[in-house]
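So you can see what is in the structure, the chains are spelled out below.
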Amino acid sequence: MTYKLFVSSLLLAFIIAGCKTNTSDSQGVSADKAIAMVAEGKAEVAEVTEAPNVPKPVGDRAPKKFIVNLETTETVGEIADGKQYTFWTFNNHVPGSFIRLRVGDEVELHLKNAANSVLPHNIDLHAVTGPGGGAEATTAVPGQEAVFTFKALNPGLYVYHCAAPPVPMHIANGMYGLILVEPEGGLKKVDREYYIMQGEFYTKAKTDSLLEFDNDKGNEENPDYVLFNGKKGSLLGKNMIEAKVGETVRLFVGNGGPNLVSSFHVIGEIFDNVYTEGGTVVNHNVQTTIIPSGGAAIVEFKVDVPGEYVLVDHSIFRAFNKGAIGKLKVTGNENEKVFKKGGAKK
Ligand SMILES: [Cu+2]
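Keep in mind that this is a model prediction, so the values were computed, not measured.

Parameters at a glance
Residues numbered from 1 in each chain as written. Predicted model: local features only at pLDDT ≥ 70, side-chain atom pairs only at ≥ 80, totals over all residues. Heavy atoms only, no water. Buried < 20%, exposed > 50% of the residue type's maximum accessible area, 1.4 Å probe, protein only. Helix = DSSP H or I, 4+ residues; strand = E, 2+ residues; numbered from the N terminus. Pairing = 2+ DSSP bridges. Contact = heavy atoms within 4.5 Å. Donors = N, O, S within 2.8 Å, 3.2 Å for Na, K, Ca; no water. Tetrahedral: all angles 85-135°; square planar, octahedral: opposite > 155°, others 65-115°. 1 Å grid on protein atoms, 1.4 Å probe; cavity = no way out; pocket = protein on both sides within 12 Å on 5 of 7 lines; lining within 4 Å. Points joined across faces, edges and corners; volume = space filled by probe spheres on them. Nonpolar A, V, L, I, M, F, W, Y, C, P; charged D, E, K, R; others polar. Phe/Tyr/Trp six-rings, centres within 6.5 Å; stacked < 30°, edge-to-face > 60°. Axes fitted to C-alpha atoms, helices over the stretch in contact; angles between N-to-C directions.

**Concerning the pairing of strand β5 (residues 98–102)**
The buried count for β5 comes to five of five residues, which makes it a mostly enclosed element. Where strand β2 (residues 48–49) lies against β5, two bridges are found, and the strand directions are antiparallel. The residue bridging Val48 from the neighbouring strand is Ile99, located in β5. Two elements, β5 and strand β10 (residues 176–182), share four bridges in a ladder whose sense is parallel. The residue of β10 that forms the bridge with Arg102 is Glu182.

**Examining the environment of Glu277**
Its place among the elements puts Glu277 in the loop between β18 (271–275) and β19 (282–286). Residue contacts for Glu277: discarding those within four places in its chain leaves Leu157, Ala296 and Ala297.

**Focus: the coordination of the copper ion**
Protein coordination at the copper ion: the donors are His121 (ND1), Cys162 (SG), His170 (ND1) and Met175 (SD), at 2.0 to 2.5 Å from the metal. If you look at the copper ion, its four donor atoms make angles of 90 to 136° with each other, and the shape they trace is irregular. Written as a sequence motif, the donor arrangement for the copper ion is H-x40-C-x7-H-x4-M. Here Cys162 lies in the loop between β9 (156–161) and α4 (167–172) and His121 lies in the loop between β6 (106–113) and β7 (124–125), a separation of 41 residues in the sequence. In this structure His121 comes out as buried when scored by relative accessible area, which is 0%. Judged by relative accessible area, Cys162 falls into the buried class, the value being 0%.

**Observations regarding the layout of surface pockets**
The rolling of a water-molecule-sized probe over the atoms marks out the regions of remaining empty space. Reported here for the largest pocket is a volume of approximately 440 Å³. For the largest pocket, the lining is made up of 21 residues, of which His93, Val94, Asn229, Gly230 and Lys231 are closest to its centre. Of all elements in the fold, only β3 (64–80) and β4 (83–90) reach the threshold of two or more residues within the lining of the largest pocket. Considering every element that reaches the lining of the largest pocket, the biggest residue donor is β3, with four residues. Its residues placed into classes, the lining of the largest pocket shows six nonpolar, 10 polar and five charged.

**Let's talk about the sheet that holds β9**
Picture the strands of a sheet paired through backbone hydrogen bonds; they go either parallel or antiparallel. Sheet architecture is open: five strands sit in the order β2-β5-β10-β9-β7, paired in mixed fashion. At either end of the open sheet lies a strand with only one pairing partner, and these are β2 and β7. Pairing analysis gives two bridges linking β7 to β9, with the strands arranged antiparallel. Bridge pairing in β9 links Asp124 to His161.

**Quick notes on the packing of aromatic side chains**
Throughout the structure, instances matching the rule amount to 10 aromatic pairs. Between Phe90 and Tyr160, the aromatic rings sit 5.2 Å apart at their centres with planes inclined by 85°, giving edge-to-face as the arrangement. Taken together, the residues Phe90 in strand β4 and Tyr160 in strand β9 connect sequence positions 70 residues apart. Like Tyr160, Phe90 is buried. For the ring pair Phe271 and Phe301, a centre distance of 6.0 Å and an interplane angle of 35° mean the geometry is tilted. Note that Phe271 is positioned in strand β18 and Phe301 in strand β21 (residues 295–302), a separation of 30 residues in sequence.

**So, the sheet that holds strand β17 (residues 262–267)**
Taking strand neighbours across the sheet as the criterion, the five strands line up as β15-β23-β22-β17-β20 in an open arrangement whose pairing is mixed. Either end of the sheet is taken by a strand with one partner, and the two such strands are β15 (241–244) and β20 (288–291). Between one strand and the next, the sheet's axes are offset by a mean angle of 20°, whatever the strand orientation. Where strand β22 (residues 307–313) meets strand β23 (residues 325–331), six bridges bridge the pair, whose relative direction is antiparallel. In the sheet register, Leu311 faces β23, and the bridge partner there is Gly326.

These figures capture arrangement, not role.
What follows is the structure, encoded as structure tokens:
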């Protein structure tokens, strides 16, 4: 071996060793640190919210013990244009309630299956380390309540969903939601936070006004509806989310699937920050972010000029023909340095 070759091999070995050290620092070590954290005091009932609202930020509090109460239900509601659908839900809404924790929190999760349900249900939380994310431990027949406890080890935005058989049908009927685990010290404070979750529905007519699940369309991955927050128009008209010029907006965006990958985009905005796949790596200056089925992303942007900003899945037939469209209404003063109408004059 020449001296030059020896030196460059040594250098390469150092680089590889360096990479390995970094990987273990950001993965195993942080989970070990979370396991060692002590959650003091008596368990409190956690605040959970319906979309598009989120619970208050964790801030810089110490790890705590929480009781999270979720009820699985089978309930008829409007899906689109006066058509009804029998949704299967967590806490009577699609998506299910938003759960907000910090790393080191200990959760006693109570999953109650409503007495008038037809089928058993359960919950698999992607934020949980342990078999099935809690699915087996929480399987409850109608009228029963199941309980399990877990410790939040990894920060991020995670999907939860029902994993009772047939799993595709339970997810297709709306059994999904988001759970946020904030890092130690909490996420940076912003002015507005909203909860948006995409999911698609495969339907056929049961009666004139009631639709039911169509397994063939599910197999073909050919939905009739691709929706934000379980209903066409859930973020339009009086339901638009809002912000004022100069404010920073944070969207917690999930994708329940069960099949499609979302190309999430806000027309007329650029995401200043994207927590890619809901994890720790933050990308900047992003036009459209990809959200896998069973995945999530946190997007943040400052709004500089007033107007109505359209939220879409940029797989654009879904937005204009299948319902994956919503709006953010921004009010406040114009800023002609940023955007000016009618620039050309005679
Ligand atoms: Cu279920």
